[in-house]
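Spelled out from the first residue to the last, the chains are:
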Amino acid sequence: SRTHFYQRHMLTCERKNKTNENQEKIFTLSEVTEILGELMEKVNKLERENEEFRKYIVKQKKKCNILEWLQENKKCTIYFDAFLEKITLTERDLVCVFESNNTSDGLTNLILKYFPIENKSEFPIISFSQNKNCFYIFKNDKWNLMKEKEFKSFINKFNSQLLKLFKIWFDNNKKNLFRSEDSHEEYFKNLEKIIGKSNQMTENHRKIKQNIYEYLK
């Protein structure tokens, strides 16, 4: 009868639903491979983040330890800015820059001249191998990690004096500088030794910083 058929149909559907609910999904090989790949990528990402975080913590500890050591063990009698104010470049310094191989070498050698290694213990600036390309300067009665803008200001103090000396040199020699192709070329080569090529400023800055770091550490 229709009633009996309907009851059988409902019972069959109910059994199928229960079977589907209790039955676990069976993944294909490609699906398993895809899932494993996604899991491995997440694991690798977490490992990379943990490694970066570990390096950051180690770096911060080193910075703190260096500053603590300096405050306790290295006494200084002059602030870094005051030390720089005492430096006055000469015409001979200008000539040495002219005779250098390039801008970075010329400026590096000039700066190091005023930081003679035999007086290293008295410098209000210092670097350490544990903190690459970083400097510590003495100011406000304590040692501080030198900021990038402070390093640029440090370099600019030498550059500005060189430019003033170059202006004097130019005024004294301008009558002869453009009389021949050689003297004209000499003028531009000397100017380039001081200010550098516009497309090499970042690289020159990096080299000077690296050279000074290696010298002071």
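Computed from a predicted structure; not experimentally measured.

1. Quick notes on the packing of aromatic side chains
Part 1: For the coordinates displayed, the defined rule picks out 19 aromatic pairs.
Part 2: Relative to Tyr 213, the ring of Phe 135 lies with its centre 6.5 Å away and its plane at 85°, an arrangement referred to as edge-to-face. Of this pair, Phe 135 sits in the loop between β1 (125–126) and β2 (136–139) while Tyr 213 sits in helix α8 (residues 201–216), placing them 78 residues apart in sequence. Like Phe 135, the residue Tyr 213 is buried in the burial classification.
Part 3: What links up through ring pairs into an aromatic cluster is the set Phe 80, Phe 83, Phe 115, Phe 123, Phe 135, Phe 151, Phe 154, Phe 158 and Tyr 213.
Part 4: Its end group placed over the ring of Phe 151, Lys 209 keeps NZ or CZ at 5.5 Å from the ring centre.

2. Structural notes on the side chain of Ser 100
Part 1: By the element assignment, Ser 100 lies in the loop between α4 (91–98) and α5 (103–113).
Part 2: Engagement of the side chain of Ser 100 in a polar contact is seen with the backbone oxygen of Asn 102, the distance being 3.2 Å.

3. Considering helix α7 (residues 181–195)
Part 1: In a regular helix each residue adds 1.5 Å, so 15 residues correspond to 21 Å; α7 covers 21 Å between its end C-alpha atoms and thus fits that length.
Part 2: Its buried side turned inward, α7 meets α4, α5 and α6 (148–177).
Part 3: Following α7 by one or two positions, Gly 196 has its phi on the positive side, about 75°.

4. Structural notes on the pattern of salt bridges
Part 1: Under the definition given, this model contains nine salt bridges.
Part 2: The residue Asp 93 makes a salt bridge to Lys 113 at a minimum N-O spacing of 2.5 Å. Of this pair, Asp 93 sits in helix α4 while Lys 113 sits in helix α5, and the two are 20 residues apart along the sequence.
Part 3: Given a relative accessible area of 1%, Asp 93 falls into the buried group.

5. Re a nonpolar patch on the surface
Part 1: On the surface, Val 32, Ile 35, Leu 36 and Leu 39 cluster together into a nonpolar patch covering about 320 Å² of accessible area.
Part 2: Checked against the element boundaries, Leu 39 lands in helix α2 (residues 29–73).
Part 3: Overall, the relative accessible area of 45% leaves Leu 39 in the partly exposed class.

6. Section: the nonpolar core
Part 1: If you look at the biggest cluster of nonpolar residues, it comprises 36 residues, and the most contacted ones within it are Ile 111, Phe 115, Ile 125, Phe 154, Phe 158 and Ile 212.
Part 2: Of all the secondary-structure elements, those providing two or more residues to this core are α3 (80–85), α4, α5, α6, α7 and α8.
Part 3: Each residue touching Phe 115, except ones within four places of it in the same chain, is listed here: Phe 83, Leu 84, Phe 123, Ile 125, Phe 154 and Tyr 215.

7. Details of the packing of α4 against α6
Part 1: At a minimum axis distance of 10 Å, the contact between α4 and α6 shows a crossing angle of 90°. Judged by the angle between their axes, α4 and α6 are roughly perpendicular. Residues Glu 91, Leu 94, Val 97 and Phe 98 of α4 pack against Leu 162, Leu 165, Phe 166 and Trp 169 of α6.
Part 2: Its residues assigned to classes, the contact of α4 with α6 shows seven nonpolar, no polar and one charged.

Calculation rules
Residues numbered from 1 in each chain as written. Predicted model: local features only at pLDDT ≥ 70, side-chain atom pairs only at ≥ 80, totals over all residues. Heavy atoms only, no water. Phe/Tyr/Trp six-rings, centres within 6.5 Å; stacked < 30°, edge-to-face > 60°. Helix = DSSP H or I, 4+ residues; strand = E, 2+ residues; numbered from the N terminus. Buried < 20%, exposed > 50% of the residue type's maximum accessible area, 1.4 Å probe, protein only. Lys NZ or Arg CZ within 6 Å of the ring centre and 35° of its normal. Polar contact = N/O pair within 3.5 Å; in protein donor to acceptor, adjacent residues only side chain to side chain. Expected span 1.5 Å × (residues − 1). Contact = heavy atoms within 4.5 Å. Salt bridge = Lys/Arg side-chain N within 4 Å of Asp/Glu carboxyl O. Patch = residues over 30% accessible without salt bridge, like charges linked within 9 Å, V, L, I, M, F, W, Y side chains within 5 Å. Areas by Shrake-Rupley, 256 points an atom, 1.4 Å probe, with all protein chains shown as cover. Core = buried A, V, L, I, M, F, W, Y, C linked by side-chain atoms within 4.5 Å. Axes fitted to C-alpha atoms, helices over the stretch in contact; angles between N-to-C directions. Parallel < 35°, antiparallel > 145°, perpendicular 65-115°, else oblique. Nonpolar A, V, L, I, M, F, W, Y, C, P; charged D, E, K, R; others polar.

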